[in-house]
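Working through the structure, step by step
Given next are the chains, with one letter for each unit.
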There are 2 protein chains.
Amino acid sequence: MATDQAEPEGDGTEDAYERFEERVQRISNVSNAAGVLRWDQEVVMPEAGTPARAQQLSTLSSIGHELLTADETGDLLEELEDSELSGEQEAVVREIRRQYDRETSVPGELVEEISETTANAHPKWKKAKEEDDFEEFAPVLEKLVELKREYAEHVDPDADPYAVLFSEYEPYLDLETAERVLERLRDELVPLIDAIDDSDVDLATDAFSGEFDDDDQEALARDVLDSLGYDWDRGRLDTAPHPFSSGTQFDARVTTRFDEEDLLGSITSTIHEFGHANYTLGLPDDGYGTPLGESRDLSVHESQSRLWENHVGRSRPFWEGFLPTARERFPGLAEVTPEEAYEAANQVYDDNLIRVEADELTYHLHIVIRFEIERELISGDLAVEDVPEVWNDKYEEYLGVRPETDAEGCLQDIHWSHGSFGYFPTYSLGSVLAAQLYAAAEDELGDLSEDIRDGEFDELNGWLRENVHQHGCRYTTPELIERATGESFTADYFLEYVDEKYGDLYDLS
Amino acid sequence: MATDQAEPEGDGTEDAYERFEERVQRISNVSNAAGVLRWDQEVVMPEAGTPARAQQLSTLSSIGHELLTADETGDLLEELEDSELSGEQEAVVREIRRQYDRETSVPGELVEEISETTANAHPKWKKAKEEDDFEEFAPVLEKLVELKREYAEHVDPDADPYAVLFSEYEPYLDLETAERVLERLRDELVPLIDAIDDSDVDLATDAFSGEFDDDDQEALARDVLDSLGYDWDRGRLDTAPHPFSSGTQFDARVTTRFDEEDLLGSITSTIHEFGHANYTLGLPDDGYGTPLGESRDLSVHESQSRLWENHVGRSRPFWEGFLPTARERFPGLAEVTPEEAYEAANQVYDDNLIRVEADELTYHLHIVIRFEIERELISGDLAVEDVPEVWNDKYEEYLGVRPETDAEGCLQDIHWSHGSFGYFPTYSLGSVLAAQLYAAAEDELGDLSEDIRDGEFDELNGWLRENVHQHGCRYTTPELIERATGESFTADYFLEYVDEKYGDLYDLS
């Protein structure tokens, strides 16, 4: 039937989009299959399975790469970019174009060399850390820095190489934004932490001391997930040495770990991973297989885990509401008050050297230090051999503590052994974004304290579903933030949040 | 360096073989990845994960099919078939040629139609079984029969269609062999079972009656696997509604199930699945990714599970050795003697209607009935609507019992809803081969009773490793049997074994 309405180019475009979508779904399914294999490897695979699993994952990765970088993908992208598409279709094309351009710009041999070098770097890093011997790791780190510089050069010879690497994890927030935010965190958190250090207030530190049986901790972790509204029909809880969450909107799993002496750690880690899985579960079912049903990048993902971990799980009303449940599993907590639990969950440790053990404030100085060092490493302003000293100097400058060994200094994190330069900043950006989103949610829904105290999370989660999760990659990250909060990305809300919370906790005037 | 020795065609062949092997390994890795996804689906996947998992599996299956049937595979096969290859290389080419010919001969649309029809048939069958309503299943069964006939026609228009379908599960044992063996089983087992029925001996039936806690059953299943020598570094035990084993030589997992009223069932099922996994674990590590490191077909696989389940796990010395362990987990078994346990594990139930609950003798009549019916279904000599009556008549004829419902008659098994016609016979062939292999092992190693009583399985397993497992698909099934036993495939040993064992148990003269 003929109409006068402006129409897409007719069947041609529809056919092309259909073929394109099929290809995209195929790539997505291969990648999701690899995700299942990695979950299996971390959680249930017997020890000796590694060689076969490595080959399976490498095959799936090659197949995904070949599907993405095939000429047909390029041809379809060009055809579709010249066609009239719906906004959703345009978003899918935008996302695949970005991945296509990146993956086709880097020669296969370089990708392979990086992959081999990181495979080799991991055991070297592990040994170096175990033996506190930076020299063991230095040569391969140097090699990785060179290779990643070369990689960035291929992707965009005109750009700051570090910006190119950063954009691999966070393609839509530019490096200037990240830098501005991190500098502001440094400039405002250092004096705040100093003030806390000078404060006379000593927060109760033994509310959660003692030994806590692993099985009971697991039961409590399940209580936490129940209370937050985790959908067990679409998920599960297991243990893993390094907790993570993974999966799709149909099956988003959480892992956690239990340490008999650290009950608080397993609770906050479980809530953190819930935040990640809950984002995944909020992606639209009918978008499965394309970027419309996939999560935005690392900062947005981390915003979801940090929002639940910090704004919910480290809040006073959470502990007022949740402590009775914890006491049922651990009668030894009978004497702990909600206020003590709240304080224990928010102590600031200014003498801690380890990022993953850091509190909500000093955490960002750990990140700033890594950010500054890896920027200079990639630019060539810092030699690998000088990393330990610069690291230690910065810890002394920003945190007032100096690592005595490299194992608890620049060797503590796995990321560089993966060649992941530019990853660390997304952790802090996630916290900052969490605060901005939480403020916008409260702006619309009103103070959420009572809900949190009552274990009522539907309103908060509904807001996140509507404003963040359901959109998948429909919008770029800045667009998503703007739509959800009415503002561009800003550290204001995070700094307000920590000023108010820690000002109150430590009685700062 | 020039030599006078006959040489392969030089670098050309080596290059071609290398490219071929790489392709084969890629196909194998895709298939093994799918295996992990299926394990996950059966054992740990949350309920709602199905839609995404179905897409992931379908994508992997398409990719594997495309890699196998690509022109390049055909070209490489032709080139290599004209080249001088090692015996091992020839075997790999032979196996891939067979798969290639089959998969390229069937049009994609037919494969897809079969796949859609079976997806639809499964819930119909389930409903029909639940509601004891064969009419519900009949139309889709008819459709599947037609489609599978058509499928067979494509693969080999000159062959008996049922033989073509059978060869999908058992490509190297021809249908005449299978038929000869099954007819012999029918002809000799019917009078043996009649004699047992007439015997005055009543084997103790309540040795394992009572309620057995699931957790204790699991502990005992682990004891069994420990005792048989299962390598936990390369495997794990989980529960699944329909026990299976899956994986590779690096990671071969067992599943089992527990029924509080059926301790014996969980023990024999665990031993059965151990046999499958143990075969997989015996495949050579360096063959991973090609048929040299993959197991032979269903009958050989089943021979391994049946050998351990029946020749070991249902033997008198096994119960003499294992009962003390069972008593530790279940003190209620204190009064049961090894002889009673042995008898309980070998009762012949001539009034049982259900294949999966059958004993070692009547089991094969269940198979013969299915074999006869599906042959006639495929040939067109039997109409789908007449299946229930023919089924019931045959049960009456061979087993002396007539099902009162189709749910406990021709609807009991899932296989036809998968379109798997020709699968059933491999179960019986596996038992028959198990006896032949076990006899050959004892011929070489001497009577194994003492080893079994002492829980010493290294010699038996060493023999299996050397004569069966390590060869992967290096030899065809008849070659493998001939090399392992010095004879071609024969039912002699199975019939000797059951005559002797049941003659003794039931005091037949």
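Residues numbered from 1 in each chain as written. Chains lettered and ligands numbered in written order. Predicted model: local features only at pLDDT ≥ 70, side-chain atom pairs only at ≥ 80, totals over all residues. Heavy atoms only, no water.

The line we're drawing: UniProt positions are given in the numbering used here, feature names are shortened, and annotations may be inferred rather than shown by experiment.
As named in an unreviewed UniProt entry, chain A is Metal-dependent carboxypeptidase, taken from Natronobacterium lacisalsi AJ5. The record held by UniProt for chain A lists under Function (unreviewed entry) the comment "Broad specificity carboxypetidase that releases amino acids sequentially from the C-terminus, including neutral, aromatic, polar and basic residues." In the Catalytic activity (unreviewed entry) part of its UniProt record, chain A is described as follows: "Release of a C-terminal amino acid with broad specificity, except for -Pro."

**Quick notes on the interface of chain A and chain B**
This is how the line gets drawn: Should any heavy atoms of two residues lie within 4.5 Å, those residues are counted as being in contact. As a working definition, buried area equals the accessible area (1.4 Å probe) given up by two parts on being put together, with both sides summed. Any carboxyl oxygen of Asp or Glu that lies within 4 Å of a side-chain nitrogen of Lys or Arg is treated as forming a salt bridge with it. Two N or O atoms count as a polar contact when they lie within 3.5 Å, although within protein this holds only if one can serve as hydrogen donor and the other as acceptor, and sequence-adjacent residues are included solely when both atoms are side-chain atoms. To qualify as a helix, a DSSP run of H or I must reach at least 4 residues; to qualify as a strand, a run of E must reach at least 2; elements of each kind are numbered from the N terminus.
Contacts between the two partners involve 36 residues from chain A, matched on the other side by 36 residues from chain B. Taken together, both faces of the contact between chain A and chain B bury some 3,000 Å²; the carbon and sulfur share is 60%. The interface formed by chain A and chain B holds 6 salt bridges in total. A salt bridge links Arg53(B) to Asp251(A); its shortest N-O distance comes to 3.8 Å. Remark: the boundary between chain A and chain B carries 14 residue pairs in polar contact (both at pLDDT 80 or more). Secondary structure elements with two or more residues in the side of chain A that touches chain B: helix 1 (11-43), helix 2 (50-69) and strand 3 (251-256) of chain A. At 11 residues, the largest contribution of residues to the side of chain A that touches chain B is made by helix 2 of chain A.

**Thoughts on the sheet that holds strand 2 (residues 245-248) of chain B**
Consider a sheet: its strands pair through backbone hydrogen bonds, and that pairing is either parallel or antiparallel. Residues and elements named next belong to chain B. Filter applied, for reference: Pairing between two strands requires that DSSP report at least two bridges joining them. Interaxial angle, 0 to 180 degrees, is taken between N-to-C directions of lines fitted to C-alpha atoms, where a helix line uses only the stretch in contact.
Pairing is mixed in the open sheet, where 3 strands are placed in the order 1-3-2. Either end of the sheet is taken by a strand with one partner, and the two such strands are strand 1 (237-239) and strand 2. The mean angle between the axes of side-by-side strands here comes to 25 degrees, regardless of whether they run parallel or antiparallel. Pairing between strand 1 and strand 3 (residues 251-256): 3 bridges, direction parallel. Bridge pairing links aspartate 238 to threonine 255 in strand 3. Lying over the sheet, helix 10 (residues 263-282) contacts strand 2 and strand 3, oriented at roughly 165 degrees with respect to strand 3.

**Looking at the UniProt feature "binding site: Zn(2+)" (unreviewed entry) in chain A**
All names here are of chain A. Basically, it comes down to this: Throughout this description, buried means an accessible area under 20% of the type-specific maximum (1.4 Å probe, protein chains only), exposed means over 50%, and partly exposed covers the range between.
The UniProt feature table records "binding site: Zn(2+)" (unreviewed entry) at His272, His276 and Glu302. The named residues occupy 31 residues along the chain; their greatest pairwise C-alpha distance, 8.8 Å, places them in one compact cluster. With respect to the element layout, histidine 272 can be found in helix 10 (residues 263-282). Residues within four places of histidine 272 in sequence aside, it is in contact with Glu302, Ser305, Arg306 and Glu309. Mapped onto the elements of the fold, glutamate 302 is located in helix 11 (residues 298-312). What makes glutamate 302 buried here is its relative accessible area of 7%. Among all residues touching glutamate 302, those that are not within four sequence positions of it are His272, His276, Thr426, Tyr427 and Gly430. Here histidine 276 takes part through its side chain, which lies 3.4 Å from a polar atom of the side chain of glutamate 302.

**So, the packing of helix 16 (residues 425-445) of chain B against helix 19 (residues 477-485) of chain B**
All names here are of chain B. Our working definition: Oblique is the label for every angle not falling under 35 degrees (roughly parallel), over 145 degrees (roughly antiparallel), or within 65 to 115 degrees (roughly perpendicular).
Put simply, helix 16 and helix 19 touch, their axes get as near as 9 Å, and they point 30 degrees apart. One way to sum up the angle between helix 16 and helix 19 is to call them roughly parallel. Two secondary-structure elements touch here, helix 16 through Leu433, Gln436, Leu437 and Ala440 and helix 19 through Ile481, Ala484 and Thr485.

**Regarding the sheet that holds strand 1 (residues 237-239) of chain A**
Residues and elements named next belong to chain A. Strand order across the open sheet formed by 3 strands is 1-3-2, with mixed pairing between neighbours. The two strands at the open ends of the sheet, each matched to only one other strand, are strand 1 and strand 2 (245-248). Each strand axis lies, on average, 25 degrees off the axis of its neighbour in the sheet, ignoring direction. Sheet topology note: the strand 2/strand 3 ladder contains 4 bridges and is antiparallel. Each bridged residue has a counterpart across the sheet, and for threonine 248 the counterpart in strand 3 is aspartate 251.

**Considering the pattern of salt bridges**
All names here are of chain A. In this structure the tally under the stated criterion is 74 salt bridges over all chains. Residue arginine 370 is joined to aspartate 413 by a salt bridge in which the shortest nitrogen-to-oxygen separation is 2.7 Å. Highlighted residues: arginine 370 in helix 14 (residues 363-379) and aspartate 413 in the loop between helix 15 (387-399) and helix 16 (425-445), separated in sequence by 43 residues. Pair check on accessibility: arginine 370 and aspartate 413 agree, each one buried. Members of the salt-bridge network, linked through shared partners, are Arg94, Glu95, Arg98, Arg296 and Asp297.

**Quick notes on the packing of aromatic side chains**
Each aromatic ring pair is summarised here by two numbers: the centre-to-centre distance and the angle between the ring planes. Under the convention used in this document: For this analysis, a ring pair means two rings from Phe, Tyr or Trp (six-membered ring only for Trp) whose centres lie within 6.5 Å, classed as stacked if their planes differ by under 30 degrees, edge-to-face if by over 60, and tilted for the remaining angles. We call a charge positioned above a ring when the Lys NZ or Arg CZ atom is no farther than 6 Å from the ring centre and deviates by at most 35 degrees from the ring normal.
Tallying each qualifying case throughout the model produces 42 aromatic pairs over all chains. Three or more aromatic residues link up through ring pairs in this structure, and these residues are Tyr169(A), Tyr363(A), Trp391(A), Tyr395(A), Trp416(A), Phe421(A), Tyr423(A), Phe424(A) and Tyr427(A). Over the face of the ring belonging to Tyr363(B) we find Arg306(B), whose NZ or CZ atom lies 4.5 Å from the ring centre.

**Description of the relation of the copies chain A and chain B**
Applied cut-off: Here the copies are superposed with least squares, the fitted atoms being C-alpha atoms of residues at a pLDDT of at least 70 in both.
Superposition record for chain A on chain B: RMSD 0.0 Å, screw rotation 180 degrees, translation along axis 0.0 Å. Each copy turns onto its partner about a two-fold axis. Comparing interface residues between copies, 100% of those in chain A also lie at the interface in chain B; the contact surface is shared.

**Describing the packing of helix 11 of chain A against helix 18 (residues 458-467) of chain A**
Residues and elements named next belong to chain A. Heads up, the condition is: Each helix crossing is assigned a hand: it is left-handed if the near helix lies turned anticlockwise from the far helix by less than a right angle, otherwise right-handed if that turn is clockwise.
Packing of helix 11 against helix 18 brings their axes to within 13 Å, and their N-to-C directions diverge by 160 degrees. Here helix 11 is positioned roughly antiparallel relative to helix 18, judged by the angle of their axes. As helix 11 runs across helix 18, the sense of the crossing is right-handed. Residues Gln304, Leu307, Trp308 and Val312 of helix 11 touch helix 18, and the partners they reach there are Leu460, Asn461 and Leu464.

**Brief notes about the pairing of strand 3 of chain B**
The side chains of a regular strand alternate, first on one face of the sheet and then on the other. All names here are of chain B. When you tally the buried positions in strand 3, you get 6 out of 6 residues, the bulk of the element. Across the two faces of strand 3 the burial is the same, with Asp251, Arg253 and Thr255 and Ala252, Val254 and Thr256 all buried. In this antiparallel pair of consecutive strands, strand 2 and strand 3, the connection spans 2 residues.

**Details of unusual backbone geometry**
Residues and elements named next belong to chain A. In this model, aspartate 507 sits at a positive phi of 60 degrees, which is unusual for a non-glycine residue. Along the chain, aspartate 507 falls in the segment after helix 20 (492-505). Since its relative accessible area comes to 63%, aspartate 507 is described here as exposed.

**Structural notes on the side chain of Thr426(B)**
By the element assignment, Thr426(B) lies in helix 16. Not counting residues within four places of it along the chain, the set of residues in contact with Thr426(B) comprises Phe166(B), Tyr169(B), Glu170(B), Leu298(B), Ser299(B) and Glu302(B).

**Details of the UniProt feature "active site" (unreviewed entry) in chain A**
Residue and element names in this part refer to chain A. Per the UniProt record, the feature "active site" (unreviewed entry) sits at Glu273. By the secondary structure assignment, glutamate 273 is in helix 10. By relative accessible area, which is 7% here, glutamate 273 ends up buried. For glutamate 273, the residues in contact, after removing those within four places along its chain, are Pro243, Phe244, Ser245, Val254 and Thr255.

**A look at the environment of Ser420(A)**
Residue and element names in this part refer to chain A. Positionally, serine 420 belongs in the loop between helix 15 and helix 16. For the pair serine 420 and lysine 148, spaced 272 residues apart in the sequence, the C-alpha separation amounts to 8.8 Å. Ignoring anything within four residues of it in the chain, the contact list for serine 420 reads Tyr169, Glu374 and His415.

**Thoughts on the environment of Tyr438(A)**
Residues and elements named next belong to chain A. Position of tyrosine 438 relative to the elements: it lies in helix 16. Spatially, the C-alpha atom of tyrosine 438 lies 41 Å from that of proline 46, the residues being 392 residues apart in sequence. The residues contacting tyrosine 438, other than those within four sequence positions of it, are Leu307, His311, Leu448, Ile452 and Leu460.

**Notes on helix 9 (residues 214-228) of chain B**
Residues and elements named next belong to chain B. For the record, the criterion: A helix is expected to span 1.5 Å multiplied by its residue count minus one.
The end-to-end C-alpha distance of helix 9, which contains 15 residues, comes to 21 Å, matching closely the 21 Å that a straight helix rising 1.5 Å per residue would cover. Here helix 9 has its buried residues at Gln217, Ala219, Leu220, Ala221, Asp223, Val224, Leu225 and Leu228. In this fold, the buried residues of helix 9 make contact with strand 1, helix 10, helix 11 (298-312) and helix 12 (316-329). The N-capping residue of helix 9, defined by a side-chain oxygen 3.0 Å from the backbone nitrogen of aspartate 215, is aspartate 213. A positive backbone phi angle near 95 degrees is found at glycine 229, which sits one or two residues after helix 9.

**With respect to helix 7 (residues 161-169) of chain A**
All names here are of chain A. Listed in full, the buried residues belonging to helix 7 are Tyr162, Val164, Leu165, Phe166, Ser167 and Tyr169. In the core, the buried residues of helix 7 are packed alongside helix 4 (87-105), helix 6 (134-155), helix 8 (175-198), helix 11, helix 14 and helix 16. The distance from a side-chain oxygen at the start of helix 7 to the backbone nitrogen of tyrosine 162 is 2.9 Å, and the residue carrying that oxygen is aspartate 160.

**Remarks on a negative patch on the surface**
Under the convention used in this document: A patch is a set of surface residues, each over 30% in relative accessible area and not in a salt bridge, joined within 9 Å for like charges and within 5 Å for the nonpolar side chains Val, Leu, Ile, Met, Phe, Trp and Tyr. Per-residue and other accessible areas were derived by the Shrake-Rupley procedure at a 1.4 Å probe size, with only the shown protein chains allowed to occlude residues. His is not counted, nor are the chain ends; Lys and Arg add positive charge and Asp and Glu add negative charge. Lys charges are placed at NZ, Arg charges at CZ, Asp charges at CG and Glu charges at CD.
Together, Glu135(A), Glu142(A), Glu146(A), Glu150(A), Glu153(A), Asp156(A), Asp158(A), Glu385(A), Asp386(A) and Glu389(A) make up a region of like negative charge exposed at the surface. If you tally residues by element for the negative patch, the top one is helix 6 of chain A, at 5 residues.

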